[in-house]
Amino acid sequence: MSAFQLNQTDGRNVLVVEGDWTIDTIGRLERDLVALPSLHQDISVDVSNLGALDTAGAFLIARTVSEIEAEAPEHIDLIGDHPQAETLFRLVQTAFEPGEDAKPYRFSVIDLLARIGEGGLEFLREARSTLSFLGRSAVTTVKLLLTPHRIRWTSVVAIMEEAGLDALPIVAFLSFFIGVVIAFIGATILGQTFGATVFTVDLVGWVMLREFGVVLTGILLAGRTNSSFTAQIGSMRMRQEVDAMKTFGLDPVEVLVVPRILAMLVMTPFLTFAATLSGLFGGLVISWLVLDISPILFITRLQEMVPVRNFWVGLSKAPVFALIVAIIACRQGLLVGGDVQSLGKATTASVVQAIFLIIVTDAIYAMVFMELGI
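What comes next is a walk through the structure.

Parameters and conventions
Residues numbered from 1 in each chain as written. Predicted model: local features only at pLDDT ≥ 70, side-chain atom pairs only at ≥ 80, totals over all residues. Heavy atoms only, no water. Helix = DSSP H or I, 4+ residues; strand = E, 2+ residues; numbered from the N terminus. Rg over C-alpha atoms; globule rule 2.2 N^0.38 Å. Buried < 20%, exposed > 50% of the residue type's maximum accessible area, 1.4 Å probe, protein only. Contact = heavy atoms within 4.5 Å. Areas by Shrake-Rupley, 256 points an atom, 1.4 Å probe, with all protein chains shown as cover. 1 Å grid on protein atoms, 1.4 Å probe; cavity = no way out; pocket = protein on both sides within 12 Å on 5 of 7 lines; lining within 4 Å. Points joined across faces, edges and corners; volume = space filled by probe spheres on them. Nonpolar A, V, L, I, M, F, W, Y, C, P; charged D, E, K, R; others polar. Phe/Tyr/Trp six-rings, centres within 6.5 Å; stacked < 30°, edge-to-face > 60°. Lys NZ or Arg CZ within 6 Å of the ring centre and 35° of its normal.

### Regarding the overall build of the chain
The number of helices and strands found in the chain is 12 helices and five strands. For 374 residues, the compact-globule formula gives about 21 Å, and the C-alpha radius of gyration of the chain, at 36 Å, lies well above that figure. Expressed along its principal axes, the backbone C-alpha trace of the chain runs to roughly 110 × 65 × 40 Å. Out of the 374 residues in the chain, the part that is buried amounts to 43%. A sequence separation of at least 24 residues applies to 80% of the contacts in the chain between residues at least 6 apart. In the form shown here, the chain has an accessible surface area of approximately 20,500 Å², with 64% of it arising from carbon and sulfur atoms.

Right under this line is the structure:
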């Protein structure tokens, strides 16, 4: 039966523990131990009559000693011999040692600069790896195009349907409302402020043909198709199907990446065309219902004031955005490890990187076309 006494022998305080001190026997002792006074003096533990001891009992004794001494002891002074006492007390002693985490953390300028540096290095590593994967995928794609019989056309067609045709309704639907919003902005700014309502047609035409049609398509593909490609390839990585391909002598880039690149290169221009037409139709509807601009006047004004080169400027971005979506999605999918957490991180990184690169690429296109006067 476990018991304890707090004695004073030869001018020093001694905590005498007796019986078994295990997780099954110490429950009834804890309240009495907490009631012991704080002496602010060193105390020894007499283990001469101590029976069985486990980590729970050792922790309770060590905590009692720290409360009596009113501070965490560097070591517990033992009286008598016990086969496990010294080892277990040393083991639980770390619970009372103030570690570095206990110190208040102060964020300094050095920490800020270190994080900026780490972020910059990570960005450069990520850019290098992405460019390397882009080069490898481009070389493999060109090789397969030179030998068309090696291309998995069934996969290409299936991906075209999944990533292209199935995405057409949402792309057209959202583009329609983007056209509506642009027309309302034009009606508010140009009509009410400057009294030039008819210029709303020019605004809708320039913006949808040149920018919003293709950019909206790219962003929607980045959110919808990008995450799908990453999840598909990532799931294959988790099930070790990609490793099985390598075992059979198949190149994962040739089997998984190239069909997706080809499918996106074919379908993204068509989706861009559909998004542009849908956005123009949204602007036409608002111009007709709100601004009293008839559809015939809208189309005539569009043909006269909006050069057709704007359409080709927007459409020229579509293959680049398609390549961004396919490359980023496949690369992140192939980086997935064996757990679900890595799949979630890869999917998130895939979508964020694709949207970021699409916007940056569009900005670069805008600056280049402005310098060229296009």
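### Comments concerning empty space enclosed by the protein
Following the criterion strictly, the structure yields one cavity of 30 Å³ or more and no others. Of the pockets and cavities examined, the largest cavity occupies roughly 30 Å³. As for the largest cavity, its lining consists of L209, T272, F273, T276, F311, G314 and L315. Of the residues in the lining of the largest cavity, the class split is four nonpolar, three polar and no charged.

### Quick word on the packing of aromatic side chains
By the definition in use, this model includes six aromatic pairs. Taken together, a centroid distance of 4.9 Å and an interplanar angle of 70° make the contact between F173 and F177 edge-to-face. Of the two residues, F173 and F177 both sit in helix α6 (residues 168-194), four residues apart, roughly one turn of that helix. Residue class for F173 comes out partly exposed when judged on its relative accessible area of 49%. Between the aromatic rings of F176 and F177, the centroid separation amounts to 5.3 Å while the plane-to-plane angle is 85°, which identifies the pairing as edge-to-face. On the basis of relative accessibility, which here comes to 40%, the residue F177 falls in the partly exposed class. These aromatic residues form a ring-pair network of at least three members: F173, F176, F177 and F281. One residue, R260, lies across the ring of F229, its end atom 5.1 Å from the ring centre.

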